[in-house]
Amino acid sequence: MTSSSSTQLPADNKVVIFVKRPGENNPPTVDCFDVIPIDSPTDSDITSEQCIVRTLFLSVDPAQRCRMNPSTGVDYLGPYEIGEPVDGMEGIGIVERVGSSSNLQVGDLVTGCIRLWTWTKYFVCDSSDLVKVNLPPSFSPSVILSCAGLSGITALLGIRKKALIDKSKPQTIVVSGAAGSCGSLAGQIARIEGCSKVIGICGSDEKCRVLKQDFGFDEAINYKTENVSQRLKDLAPEGVDIYWDNVGGSISDDVIESMNIGGRIVLCGQIAVYNTDLPYPPPLSDHIAQILKERNIERERYLVLTYKDEMDEAIAQLSEWLQKDIIKVKETIYDGLSSAPNAFVDMMTGKNIGKMLIRP
């Protein structure tokens, strides 16, 4: 029994299916996925404590790449199964139907609190697996994913817990993958928290422009056209104190060589090795490992789920900064669920600026 009208939901429902593993040492391709039509759920499909949700935006995240392998290498995310629907880290939706005992109402804006978000437009969900979101006026629901979701929480808590910024003296931070969702926020938050110089590394001149003009980075390096090691010598002759490592690989080696004694590396992601069978975090060369030892540089894996008790406070802080225009976000949005395979592949190759999202 539902407490809403029984009018039919639109029939144009689709779901993204995982159909092929790319192989641990290969990049993902669009043919790893299929998008198929399915029936929209109806009132008779939900119990009194369930609801039907219409997805407004889906989050596209690099962490999904490890789920395409037979084993993810981590204990908090399972692999995708061939022939099964794809689910992502986050989504935002609106409640279309509610059961008679649901704690939600039709029209509520919701996101997941303990569940992954299936890549489909309409789906049935236990109301207890969702949390109602209060959106500030004039903001798109997408900001829940691009700012106040996992990307923002990861950036804020990573800077506060692992970067250990010393406000009593000048501190230089370098952020790789800086034009992505997490990197762009990490750089801005590092500035708020006390870093005197913020340098971003990214993969195009347009991204460099956005980092400096829109996100307030002091400097930006295009790793595809510039020598990262030399540019760091020019831009940070004082050396690097903190490195927010989103990419791993040779870029990270160049940054580590420029780091000061007592530096900190925040290991947030290693997108450069996501398409390999290397362990995470990947092993370092003897040369780089020796630098860490000689300079007493901390390099620790960072997992935001460690701080789940502090997430609500982080969301409140991010929301305040966003509303006061202290931090800015950008979004790259692909329209239609059929575009989901391309959105994921393009995100993995750096086609996005800011958060990559799908609007089903």
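It should be emphasised that the depicted structure is a prediction, and the values quoted were computed from it without experimental measurement.

Quick notes on the rules
Residues numbered from 1 in each chain as written. Predicted model: local features only at pLDDT ≥ 70, side-chain atom pairs only at ≥ 80, totals over all residues. Heavy atoms only, no water. Phe/Tyr/Trp six-rings, centres within 6.5 Å; stacked < 30°, edge-to-face > 60°. Helix = DSSP H or I, 4+ residues; strand = E, 2+ residues; numbered from the N terminus. Buried < 20%, exposed > 50% of the residue type's maximum accessible area, 1.4 Å probe, protein only. Pairing = 2+ DSSP bridges. Domains from an automatic or database assignment. Contact = heavy atoms within 4.5 Å. Buried area = accessible area lost by both parts, 1.4 Å probe. Salt bridge = Lys/Arg side-chain N within 4 Å of Asp/Glu carboxyl O.

Chemist: Is there a simple way to explain the packing of aromatic side chains in this structure?
Modeler: Each aromatic ring pair is summarised here by two numbers: the centre-to-centre distance and the angle between the ring planes. This model, assessed by the stated rule, comprises six aromatic pairs. Ring plane angle 45° and centroid distance 5.5 Å describe the contact between Phe18 and Tyr80, whose orientation is recorded as tilted. Here Tyr80 lies in the loop between β3 (50-59) and β4 (87-88) and Phe18 lies in strand β1 (residues 13-18), a separation of 62 residues in the sequence. Take Phe18: its relative accessible area is 0%, and that puts it in the buried class. Owing to a relative accessible area of 3%, Tyr80 belongs among the buried residues under this scheme. With a centroid separation of 6.3 Å and 35° between ring planes, the pair formed by Tyr302 and Tyr307 is classed as tilted.

Chemist: How do you make sense of the pairing of strand β6 (residues 109-112) when you look at a structure like this?
Modeler: Across three bridges, strand β5 (residues 91-98) lies against β6 in antiparallel orientation. The residue bridging Ile94 from the neighbouring strand is Leu109, located in β6. By the bridge criterion, three bridges tie β6 to strand β9 (residues 130-132) in an arrangement that is antiparallel. Each residue of the ladder has a partner; that of Thr111, found in β9, is Val131.

Chemist: Got a minute to help me understand the domain arrangement of the protein in this structure?
Modeler: Many analyses report the size of an interface as the accessible area lost when the parts associate. On domain assignment, one finds that the protein holds domain 1 (14-134 + 330-358) and domain 2 (150-305). Counting residues at the interface gives 19 residues for domain 1, matched by 18 residues for domain 2. Around 1600 Å² of area is buried between domain 1 and domain 2 when both sides are counted, 57% of it from carbon and sulfur atoms. Per-residue buried area on domain 1 facing domain 2 is highest for Tyr76, Lys330 and Ile353; these three make up 31% of the total on that side. Where domain 1 packs against domain 2, one counts one salt bridge.

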